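In case you want the letters, here they are:
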Amino acid sequence: MTSSVRAGLLDIVHGHDSHVVVPLQGSGSFSVEAALSTLVPRDGHVLVLDNGAYCKRAARIVSLMGRRCSLLDFGEATVVDPLALAQRLDQDASISHVVLIHCETSAGILNPLQAVADVCEQRGRGLIVDAMSSFGAMEIDARKTRFDALVAASGKCLEGVPGMGFVFIRKAVLHACEGRSQSLVLDLYDQHQYMEKTTQWRFTPPTHVVVALHEAMTQYVEQGGQGARLARYTDNYCTLIAGMTQLGFKPFLDPAIQAPIIVTFHAPEHPAYDFKTFYAAVRARGFLLYPGKLTQLETFRVGCIGAIDAHDMGQAVHAIALSLADMGISPGPGNGPA
Ligand SMILES: *Cc1c(COP(=O)(O)O)cnc(C)c1O
């Protein structure tokens, strides 16, 4: 089952020729940490393209592992700029690896993966991509887009249960990764060698998670693969935006840079609004919101992914409308920033 899952994952990115895929026990962040510690040499220098909380988490991991880390800051509402990256790389030859978060789940931004990959390839730097919340829904093609490592997990757009991650590693850089990791359990080179040799996981496997992911990937293919998944999430996203706009809510991001994965809304500027009360009222109707993850503004988030369709999303918007009414807030233009 593990071999079949691994082959299916390589199918999704068209990566059989160029990459291997290494599964790892744990939540998605375990695989991010594993990718960074396996790929980046001890004297490497990582540049994190920063536009949100997951970027800052990646930077923290790099620093904790004792590798040199720099940030290129784009704020929380702007996509990563490939030209600014190119300039920075041209100024600083010591940068060995660039980290990009494909969909920055804190605000919901979709970053320009292809353009960033091109800049890194032209300048001979490694690219490590956290594609946790985009993998399976947004197109990623290893034949067109060069990355040294790309990280995702079982539980987001593949709609498996959470509990394991996986990292695509470019075959051309795999050999050099031997001995780089300062962690035993997070060493993906070792994990890969062991799995190739024995077909087994190096340590106790997350058995039920593997079985669930195998089934989830069978359904993924039956339902039409990446294109169909993106179409369903886009439908969810459009239903959400239409319904919330009618209630007076304003999305935080420019729609041009918004991924149909998770949407950040401004909190209503009404004196009766309180996130905890709002959350509890929506939850009582069977739907869970995400708190906002921005540093300055009061916001909340709604996820568009998972085994839900536009009908479910319509129901969620209805639950939000009823919850606003509970709080004495009437729908309309007042429910966003002036
Ligand atoms: C969900 C997510 C992760 C991983 O989170 P875990 O809670 O460790 O599974 C990492 N990066 C991004 C961009 C994510 O959306």
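Figured I'd write up the structure that's included with this text. (Residues numbered from 1 in each chain as written. Predicted model: local features only at pLDDT ≥ 70, side-chain atom pairs only at ≥ 80, totals over all residues. Heavy atoms only, no water.)

## Remarks on helix 8 (residues 207-222)
Taking 1.5 Å as the rise per residue, helix 8 with 16 residues should run 22 Å; its terminal C-alpha atoms sit 23 Å apart, in good agreement. Looking only at helix 8, the buried set comprises V209, V210, L213, A216, M217 and Y220. Down the axis of helix 8, the sector holding all buried residues measures 125 degrees, keeping them to one side. Turned more than 90 degrees off the buried face of helix 8, the exposed positions are H208 and E222. At its buried positions, helix 8 is contacted by helix 1 (2-13), strand 9 (164-170) and helix 9 (225-246). (Helix = DSSP H or I, 4+ residues; strand = E, 2+ residues; numbered from the N terminus. Expected span 1.5 Å × (residues − 1). Buried < 20%, exposed > 50% of the residue type's maximum accessible area, 1.4 Å probe, protein only. Arc of directions from axis to C-beta. Contact = heavy atoms within 4.5 Å.)

## Brief notes about empty space enclosed by the protein
Taken as a whole and assessed by the stated rule, the structure comprises one cavity of 30 Å³ or more. In this model, the largest cavity occupies a volume close to 30 Å³. V32, L36, V99, I128, V129, D130 and V151 are the residues that line the largest cavity. When contributions to the lining of the largest cavity are tallied by element, the ones reaching two or more residues are helix 2 (28-39) and strand 7 (126-130). By residue number, the principal contributor to the lining of the largest cavity is strand 7, which donates three residues. (1 Å grid on protein atoms, 1.4 Å probe; cavity = no way out; pocket = protein on both sides within 12 Å on 5 of 7 lines; lining within 4 Å. Points joined across faces, edges and corners; volume = space filled by probe spheres on them.)

## Overview of the packing of helix 10 (residues 275-284) against helix 11 (residues 310-326)
Closest axis-to-axis distance for the helix 10/helix 11 pair is 9 Å, and the angle between their directions is 130 degrees. Between helix 10 and helix 11, the crossing angle belongs to the class labelled oblique. The two elements helix 10 and helix 11 meet at a crossing, and its hand is right-handed. Where helix 10 approaches helix 11, its residues F278, A281 and V282 are matched on the opposing element by A319, I320, S323, L324 and D326. (Axes fitted to C-alpha atoms, helices over the stretch in contact; angles between N-to-C directions. Parallel < 35°, antiparallel > 145°, perpendicular 65-115°, else oblique. Left-handed = near helix turned anticlockwise from the far one by under 90°.)

## Focus: the sheet that holds strand 2 (residues 45-50)
Paired through their backbone hydrogen bonds, the strands of a sheet run either parallel or antiparallel. In spatial order, the strands read 1-9-8-7-4-2-3; together these seven strands make up an open sheet with mixed pairing. Looking along the sheet, the strands with just one partner apiece sit at the ends: strand 1 (19-25) and strand 3 (68-73). The average angle at which neighbouring strand axes cross in this sheet is 20 degrees, direction not considered. Relative to strand 3, helix 4 (residues 82-91) is tilted by about 145 degrees, and along the sheet it contacts strand 2, strand 3 and strand 4 (97-101). Lying over the sheet, helix 7 (residues 188-198) contacts strand 1 and strand 9, oriented at roughly 100 degrees with respect to strand 1. (Pairing = 2+ DSSP bridges.)

## Notes on the site of the ligand
For the ligand, the full set of nearby residues is S27, G28, S29, Y54, R57, I101, C103, T105, D130, M132, S133 and K156. In this structure, an oxygen atom belonging to the ligand sits 2.6 Å away from a side-chain N or O atom of S27. Interatomic distance of 2.6 Å between a side-chain N/O atom of D130 and a nitrogen atom of the ligand. Relative to its unbound accessible surface of 390 Å², the ligand loses 82% to contact with the protein. With respect to the pocket detection grid, the ligand is positioned in the largest pocket. Secondary structure elements with two or more residues in the shell around the ligand: helix 2 and helix 3 (53-64). Looking at the shell around the ligand residue by residue, the class counts come to four nonpolar, five polar and three charged. (Near = heavy atom within 4 Å. Polar contact = N/O pair within 3.5 Å; in protein donor to acceptor, adjacent residues only side chain to side chain. Areas by Shrake-Rupley, 256 points an atom, 1.4 Å probe, with all protein chains shown as cover. Sits in = over half its atoms within 2 Å of the grid points. Nonpolar A, V, L, I, M, F, W, Y, C, P; charged D, E, K, R; others polar.)

## Here we look at the packing of aromatic side chains
This model, assessed by the stated rule, comprises 10 aromatic pairs. Ring plane angle 85 degrees and centroid distance 5.9 Å describe the contact between F166 and F168, whose orientation is recorded as edge-to-face. Taking 6.4 Å as the distance between ring centres and 25 degrees as the angle between the ring planes, the aromatic pair formed by F249 and F278 counts as stacked. Of the two residues, F249 sits in the loop between helix 9 and strand 10 (262-266) while F278 sits in helix 10, which places them 29 residues apart along the sequence. (Phe/Tyr/Trp six-rings, centres within 6.5 Å; stacked < 30°, edge-to-face > 60°.)

## Some words on the sheet that holds strand 11 (residues 290-291)
Pairing within the open sheet is antiparallel, and its three strands lie in the order 10-12-11. The open sheet terminates on both sides in strands that have one partner only, identified here as strand 10 and strand 11. Here five bridges tie strand 10 to strand 12 (residues 299-303), and the two strands are oriented antiparallel to one another. Each bridged residue has a counterpart across the sheet, and for H266 the counterpart in strand 12 is T299. Sitting on the sheet, helix 9 touches strand 10 and strand 12, and the angle it makes with strand 10 is about 10 degrees.

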